[in-house]
Amino acid sequence: MIRIATTADITSIHEIEQNLFPEDAWPREKFDVDVRSTFARFVVAEDKAHVVGYAIAQYLPNNDVADVQNIAVVASHRGRGIGADLLDALVEWSFDQGASAIMLEVRVDNAVAQSLYASRGFEVIATRAKYYQPAGVDALVMRKEVST
Ligand SMILES: CC(C)(COP(=O)(O)OP(=O)(O)OC[C@H]1O[C@@H](n2cnc3c(N)ncnc32)[C@H](O)[C@@H]1OP(=O)(O)O)[C@@H](O)C(=O)NCCC(=O)NCCS
């Protein structure tokens, strides 16, 4: 089940984030801010009352483009369509808010995530050198237009 995140979810989300991204996990405070923000859509996937995935997009009204900031599914629950459902929820919200496109960055070495985004109509539009620190890994910038 996909639903809106609440403050009660943050401890589980932060734990998952630290496990999945040991080098550059978001600080807990970032999740605390986003769960309250009217400019962010913060969703979780729940299975048997446990958080098994989460995703966040941001859309600032003066901007034309929304951003996917974070998306993750715990390893035990991958390959079941949860990542796609989380991403769909962000895309739908962004376009409902009035965004004309939605963008994201993804590591060049993250083929699975790239495949998820491509399957949802995102296209590579640019590369950002050494975007991910401290590893110094390049990012692909991917974008989906409202009409695609
Ligand atoms: C990327 C991630 C969120 C995908 O979540 P998921 O729930 O496993 O994805 P889904 O089951 O919804 O699959 C959706 C699409 O992703 C792609 N995909 C998923 N698993 C894949 C795999 N093992 N190999 C290749 N493509 C894969 C496919 O295109 C799939 O579409 P399809 O089922 O129609 O073939 C998950 O692997 C994850 O959390 N990874 C670690 C964190 C991460 O890398 N986040 C992205 C940071 S930019």
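It should be noted that the structure appears before, not after, this text.
We now turn to the structure provided with this report. In this text, all values refer to a predicted model and were calculated from it rather than measured experimentally.

**Side note on the site of the ligand**
In the region of the ligand, 20 residues are neighbours, and Val73, Gly81, Gly83, Asn110 and Ser115 sit closest. Arg80 places a main-chain nitrogen or oxygen 3.2 Å from an oxygen atom of the ligand. Coverage of the ligand by the protein amounts to 67% of the 930 Å² it exposes when considered alone. Counting residues per element, the ones that place at least two in the shell around the ligand are β4 (65-73), α3 (82-97), β5 (101-107) and α4 (111-119). Sorting elements by how many residues they give to the shell around the ligand places α4 first, with six residues.

**So, the pairing of β5**
Among the seven residues that make up β5, five are buried, leaving the element largely enclosed by the rest of the structure. Traced from β4 through α3 to β5, the parallel crossover comes out right-handed. Where β5 lies against strand β7 (residues 137-145), seven bridges are found, and the strand directions are antiparallel. Residue pairing in the sheet places Met103 in a bridge with Arg143 of β7.

**What about the environment of Asn110?**
For Asn110, the position within the fold is in the loop between β5 and α4. With a relative accessible area of 30%, Asn110 lands in the partly exposed category. Residues Asn110 and Leu140, 30 residues apart in the sequence, show an inter-C-alpha distance of 9.8 Å. Within the structure, Asn110 has its side chain in polar contact with the backbone nitrogen of Ala113 (distance 3.1 Å).

**Examining unusual backbone geometry**
Cis rather than trans, the peptide bond between Gln133 and Pro134 has omega equal to 10 degrees. Structurally, the position occupied by Pro134 is in the loop between β6 (123-132) and β7. One non-glycine residue, Ala49, lies in positive phi territory at about 65 degrees. A relative accessible area of 67% places Ala49 in the exposed class. A positive phi angle, near 50 degrees, is found at Lys130, a position not held by glycine. Residue placement: Lys130 occurs in strand β6.

**A word on the pairing of strand β2 (residues 40-47)**
Every regular strand shows the same layout, with side chains that alternate between the two sheet faces. Pairing analysis gives three bridges linking strand β1 (residues 2-4) to β2, with the strands arranged antiparallel. Within the sheet, the bridge partner assigned to Ile4 lies in β2 and is Val43. Pairing between β2 and strand β3 (residues 50-58): eight bridges, direction antiparallel. Note on β3: the bridge partner recorded for Arg41 is Ala57. Linking two consecutive strands that pair antiparallel, namely β2 and β3, is a turn of two residues; a positive phi of about 50 degrees is found at Lys48 within it.

About the cut-offs
- Residues numbered from 1 in each chain as written.
- Predicted model: local features only at pLDDT ≥ 70, side-chain atom pairs only at ≥ 80, totals over all residues.
- Heavy atoms only, no water.
- Near = heavy atom within 4 Å.
- Polar contact = N/O pair within 3.5 Å; in protein donor to acceptor, adjacent residues only side chain to side chain.
- Areas by Shrake-Rupley, 256 points an atom, 1.4 Å probe, with all protein chains shown as cover.
- Helix = DSSP H or I, 4+ residues; strand = E, 2+ residues; numbered from the N terminus.
- Buried < 20%, exposed > 50% of the residue type's maximum accessible area, 1.4 Å probe, protein only.
- Right-handed = clockwise from strand over helix to strand, strands pointing away.
- Pairing = 2+ DSSP bridges.

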